[in-house]
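Residue-level structure breakdown
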Amino acid sequence: QVQLVESGGGLVQAGDSQRLSCAASVRSFSSYGMGWFRQTPGNEREFVAAIDWTGRITYYSDSVKGRFTISRDNAKNTVYLQMNSLKPEDTAVYFCAVGPRLGASVAARTYADWGQGTQVTVSS
């Protein structure tokens, strides 16, 4: 059974940094791409960042490119999202998810398993 637990969310001020972690109990974690998505009330889940199974290839949405960094530690079965220069519009519930095997994807429909999410609130 796959379990994903996000942590690191909370209330910060605009311009601050925050790091999210996602601990994954996934068999052969190092074989799967991972991703971060976010969602605000009344809106669909939005792609934020993705990383391939090696950690060498990453993708970002235009809205976070240059400010956020996704990384992974396969020895710890953990994926991270370092968020810098946070803006009020980054406020959302952030979810990590297990992506395609031996690949990476920006499409939510290609992600099979999701965490419960962690709230990030950026005050102006």
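Note: the structure precedes this text.
What this report covers is the structure whose coordinates are included nearby.

Criteria and cut-off values
- Residues numbered from 1 in each chain as written.
- Predicted model: local features only at pLDDT ≥ 70, side-chain atom pairs only at ≥ 80, totals over all residues.
- Heavy atoms only, no water.
- Buried < 20%, exposed > 50% of the residue type's maximum accessible area, 1.4 Å probe, protein only.
- Helix = DSSP H or I, 4+ residues; strand = E, 2+ residues; numbered from the N terminus.
- Pairing = 2+ DSSP bridges.
- Patch = residues over 30% accessible without salt bridge, like charges linked within 9 Å, V, L, I, M, F, W, Y side chains within 5 Å.
- Areas by Shrake-Rupley, 256 points an atom, 1.4 Å probe, with all protein chains shown as cover.
- Salt bridge = Lys/Arg side-chain N within 4 Å of Asp/Glu carboxyl O.
- Core = buried A, V, L, I, M, F, W, Y, C linked by side-chain atoms within 4.5 Å.
- Phe/Tyr/Trp six-rings, centres within 6.5 Å; stacked < 30°, edge-to-face > 60°.
- Disulfide = S-S within 2.5 Å.

Moving on to the pairing of strand S5 (residues 46–51). With five of six residues buried, S5 is to be regarded as a mostly interior element. Relative to S5, strand S4 (residues 32–39) is paired through five bridges, and the arrangement is antiparallel. Bridged to Arg 38 within S5 is Glu 46. The sheet contact formed by S5 and strand S6 (residues 58–60) spans three bridges and is antiparallel.

A cluster of nonpolar side chains, Ile 57, Tyr 59 and Val 106, forms an exposed patch at the surface whose accessible area comes to about 260 Å². Using a relative accessible area of 45% as the deciding quantity, one classes Val 106 as partly exposed.

Ranked by size, the top nonpolar core spans 26 residues in total, and within it Trp 36, Leu 81 and Tyr 94 carry the most contacts. When contributions to this core are tallied by element, the ones reaching two or more residues are strand S3 (18–25), S4, S5, strand S7 (68–73), strand S8 (78–83), strand S9 (92–101) and strand S11 (118–123). In terms of residue count, the dominant contributor to this core is S9 (four residues). In this structure, Phe 47, Ala 50, Ala 97 and Tyr 111 belong to the second largest nonpolar core, which totals five residues.

Once that is clear, we can look at the packing of aromatic side chains. If you walk through the whole model with that rule in mind, you get four aromatic pairs. Taken together, a centroid distance of 5.7 Å and an interplanar angle of 70° make the contact between Phe 37 and Phe 47 edge-to-face. Of this pair, Phe 37 sits in strand S4 while Phe 47 sits in strand S5, and the two are ten residues apart along the sequence. Assessed through its relative accessible area of 1%, Phe 37 is described here as buried. Here Tyr 111 and Trp 114 contribute two aromatic rings whose centre-to-centre distance is 6.0 Å and whose plane-to-plane angle is 50°, an arrangement assigned as tilted. The partly exposed category is assigned to Trp 114, whose relative accessible area is 25%.

The next thing to look at is the state of the cysteines. Under the counting rule described, the total for this entry stands at one disulfide. Residue pairing for Cys 22: its cysteine sulfur links by disulfide to Cys 96, the two sulfurs lying 1.9 Å apart. Linking Cys 22 and Cys 96, the disulfide has an S-S dihedral of approximately 45° and is accordingly described as right-handed. Of this pair, Cys 22 sits in strand S3 while Cys 96 sits in strand S9, and the two are 74 residues apart along the sequence. Residue class for Cys 22 comes out buried when judged on its relative accessible area of 0%. With a relative accessible area of 0%, Cys 96 lands in the buried category.

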